[in-house]
Amino acid sequence: MELYKLTIHDLHEMLAKGETTSKAVTEAVINRIKAVDNKVKAYITVNADAAIDRAEHADKDIKAGKANSPVFGVPIAIKDNMCTDGIKTTCASKILGNFIPPYDATVVAKLKQAGYIMPGKTNMDEFAMGSSTENSGFFVTKNPWDLERIPGGSSGGSAAAVAAGECIAALGSDTGGSIRQPAACCGVVGLKPTYGRVSRYGLVAFASSLDQIGPLTKDVTDTAILLNVIAGHDPKDSTSADIAVPDFTKALKKDVKGMKVGIPKEYFIEGMDPEVEKAVRDAVKTLEGLGAKVMEVSLPHTGYAVATYYILATSEASSNLARYDGVKYGFRAQGAKDLLDMYVKSRSQGFGPEVKRRIMLGTYALSAGYYEAYYKKGQQVRTLIKRDFDEAFKQVDVIATPTAPTAAFKIGEKSADPLQMYLSDIFTISVNLAGIPGISIPCGFTKTNLPIGLQLLGRHFHEESIIHAAFAYEQATEWHKKRAKL
Amino acid sequence: MKISKQEVEHVAKLARLEFSQQEKEKLTQQLSNILTYVEKLGELDTKGVEPTSHVLDIKNVMRDDVIAGSLPQDRALANAPEKAAGHYKVPLIIE
């Protein structure tokens, strides 16, 4: 049995019984990276020696009975936009190409406290701006199910690493679908928690009112385990919510009798792949068969979500990315004639085309004369989108939708037209605007053997309801047991 | 065109970015397409709708004014592209 194929909960059990060691697991993962990452290209930085060294220490602690969590001694990859003390954190951007953070993000500090092993930092769209990982400033990550296709994005490196067995689980971040959509494309589980559930301290900011960190795992049980580790209030993030964190593994129940599942009619639109629609409708039938009560709901402003998002997210990004000026850290262009010229040259040479495009759009939307027409209007429509969900959740406990309108598309297929790329996030974006939690789980495969994702959405701070529904569905199906062949 | 090349040049100046002529033309086209798409928000009547800047009901988070850990100077300067005498060094600002 190959250890890299196992889950956190499998390995935790084996480590506790002394059936394997953290060193053996970590070596299996590092060897797997060496064997397949030249094809998949999931990692920007591989932390091989330090990881094996940490694993040796973990084994001593496990023997001494000091293992304090289910992730103890387990290799979990980190998306390269979360700060890791002493380990390069690039955001897949040339502007941060040499940046070595002097501190850990809170999620990383929590994982360290829980004894995890860090095999490396994963590739992404530059500054998390993209849906395909093609916007990485370094290289494109490939989908382990079909190397000619995108792994989704922006957390494409994390999703591909989980799917390829190049880690046991991973963290990603989600601003408009960047955990859920790559999870769907790569056939893994990905959860975006409620905004404020997980600290953003040390996460390189893209759009601060939308960004949220979450797990990418091989099954729902691992998602609950990893969310337990990273959730909670953090005084270092003033937008993290001071609200009690339940034990999410308690929500892993197979019985969904009486659970009300809503199907938003606006999500089954023209242009959706028929295979995706069928898989999602079949998944809803499975939930119904398990005792859930299925009903139609309406989210009338769905058609405005992408437009709203690309005003608000780019506006926030243009402000957040103003800090990259070549002064305190990151890339500085040579040969500038004065300070202003240094700012302009450093930014123009350091940022890639999509990042520049979004900075331009956001700067325009916030500039004098356009603020009311774009930014304020976007914020008002955001209110309407949020109210749609508030109304729907008066009738149902969870909402079921496709995660993405199609399975993974071909590399290069949408890169020429930014708007087409933006529209691939149509089912995930409203969730960030409303701040609610969402999970994507595998619900089938296309005829060409590409994974399809089912998205389940819940009320604010009710991750338990979507974990519950997702677990019940997963246990009734076999999709999560399929692994990509490489 | 929703946005002119002159406007693109103005916004680039505000954003501290520079582009080649070719890039400017491409951006003008792409931003115009995106802005035309975004115009659909105008279909909605939002009169009297409160804008949402933040989804949670958290306001004015305060903490006690106590000294906490901070980075020592050498670590804070470790990523500086140029430094001198414990400071960040930048090109000439005033003649």
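Since we're looking at a predicted model, the values are computed, not measured.

Got a sec to walk through the overall build of chain B? Specific residues and values, please.
When you go through chain B residue by residue, the secondary structure sums to three helices and two strands. When the helices and strands of chain B are placed in sequence order, the string is α-α-α-β-β. The C-alpha radius of gyration of chain B comes to 23 Å, more than 25% above the 12 Å expected for a compact globule of 95 residues. The C-alpha extent of chain B, read off along each of the three principal axes, is 55 × 45 × 25 Å. Sorting the 95 residues of chain B into buried and exposed places 29% on the buried side. The long-range share in chain B, meaning contacts at least 24 apart out of those at least 6 apart in sequence, stands at 36%. Only carbon and sulfur atoms are counted for the fraction: they give 51% of the accessible area of chain B, which is about 7,000 Å². For chain B, the centre of its 13 positive side-chain charges and the centre of its 15 negative side-chain charges are spaced 3 Å apart.

Any details on the nonpolar core? Residues and values, ideally.
Residue and element names in this part refer to chain A. Counting residues in each nonpolar core, the largest one holds 175 residues, and the members touching the most others are Val71, Leu111, Phe127, Phe389 and Leu456. At nine residues, the largest contribution of residues to this core is made by helix α9 (residues 305-320). When residues no more than four places from it in sequence are discounted, the contact partners of phenylalanine 389 are Tyr267, Leu299, Ile399, Ser430, Ala434, Ile436 and Leu457.

Hey, could you go over the sheet that holds strand β5 (residues 189-192) of chain A for me, with residue numbers and the actual values?
All names here are of chain A. A sheet is described by the order of its strands in space; here eleven strands give the open sequence β1-β3-β2-β4-β6-β5-β10-β11-β9-β7-β8, paired in mixed fashion. At either end of the open sheet lies a strand with only one pairing partner, and these are β1 (43-46) and β8 (293-297). Pairs of neighbouring strands in the sheet enclose a mean axial angle of 30°, with direction left out of account. In this structure, β1 lies alongside strand β3 (residues 120-122), joined through three bridges in antiparallel fashion. The residue bridging threonine 45 from the neighbouring strand is lysine 121, located in β3.

Explain the side chain of Thr28(B) to me, and be specific about the residues and the numbers.
The residue Thr28(B) is located in helix α2 (residues 21-38) in this model. A polar contact of 2.6 Å, which involves the side chain of Thr28(B), links it to the backbone oxygen of Lys24(B).

Outline unusual backbone geometry, listing residues and values.
Residues and elements named next belong to chain A. Between glycine 153 and the following residue, serine 154, the backbone shows a cis peptide bond with an omega angle of 10°. Considering the arrangement of structural elements, one finds serine 154 in the loop between β3 and α5 (156-163). Despite not being glycine, lysine 41 shows a phi value in the positive range, around 55°. With respect to the helices and strands, lysine 41 occurs in the loop between α2 (22-40) and β1. Notably, alanine 128 is not glycine yet its phi reads approximately 65°, a positive angle. Along the chain, the position of alanine 128 falls in the loop between β3 and α5. Here alanine 128 falls in the buried class, since its relative accessible area comes to 4%.

Any details on the pairing of strand β2 (residues 76-79) of chain A? Residues and values, ideally.
Residue and element names in this part refer to chain A. Every second residue of β2 is oriented toward a common face, with Ile76 and Ile78 on one face and Ala77 and Lys79 on the other, all of them buried. Where β2 and strand β4 (residues 169-174) come together, three bridges link them in parallel fashion. Residue pairing for β4: alanine 77 is matched across the bridge by alanine 170. Pairing between β2 and β3: two bridges, direction parallel. Looking across to β3, one finds that lysine 79 is bridged to threonine 122. As a crossover connection, the stretch from β2 through helix α4 (residues 106-113) into β3 is right-handed.

Can you tell me about the interface of chain A and chain B, naming the residues and giving the values?
Size of an interface: often given as the accessible area lost when the parts come together. Contacts between chain A and chain B engage 66 residues on the former and 48 residues on the latter. Approximately 5,100 Å² of surface area, both sides summed, lies buried where chain A meets chain B, with 68% of it carried by carbon and sulfur atoms. Among the residues chain A hides against chain B, the three largest losses belong to Tyr304(A), Arg332(A) and Met360(A). Together they make up 13% of the total. Linking Asp85(A) and Arg75(B) is a salt bridge whose minimum nitrogen-to-oxygen distance equals 2.9 Å. If you list the elements that add at least two residues to the side of chain A that touches chain B, you get α9, α10 (339-350), α11 (353-366), α12 (372-395), α13 (418-423) and α14 (429-434) of chain A. Among the elements that take part in the side of chain A that touches chain B, α12(A) stands out by supplying twelve residues, more than any other. Residues belonging to the side of chain A that touches chain B are distributed by class as follows: 34 nonpolar, 19 polar and 13 charged.

The rules behind these values
- Residues numbered from 1 in each chain as written.
- Chains lettered and ligands numbered in written order.
- Predicted model: local features only at pLDDT ≥ 70, side-chain atom pairs only at ≥ 80, totals over all residues.
- Heavy atoms only, no water.
- Helix = DSSP H or I, 4+ residues; strand = E, 2+ residues; numbered from the N terminus.
- Rg over C-alpha atoms; globule rule 2.2 N^0.38 Å.
- Buried < 20%, exposed > 50% of the residue type's maximum accessible area, 1.4 Å probe, protein only.
- Contact = heavy atoms within 4.5 Å.
- Areas by Shrake-Rupley, 256 points an atom, 1.4 Å probe, with all protein chains shown as cover.
- Lys, Arg positive; Asp, Glu negative; His and termini not counted.
- Charge placed at Lys NZ, Arg CZ, Asp CG, Glu CD.
- Core = buried A, V, L, I, M, F, W, Y, C linked by side-chain atoms within 4.5 Å.
- Pairing = 2+ DSSP bridges.
- Axes fitted to C-alpha atoms, helices over the stretch in contact; angles between N-to-C directions.
- Polar contact = N/O pair within 3.5 Å; in protein donor to acceptor, adjacent residues only side chain to side chain.
- Right-handed = clockwise from strand over helix to strand, strands pointing away.
- Buried area = accessible area lost by both parts, 1.4 Å probe.
- Salt bridge = Lys/Arg side-chain N within 4 Å of Asp/Glu carboxyl O.
- Nonpolar A, V, L, I, M, F, W, Y, C, P; charged D, E, K, R; others polar.

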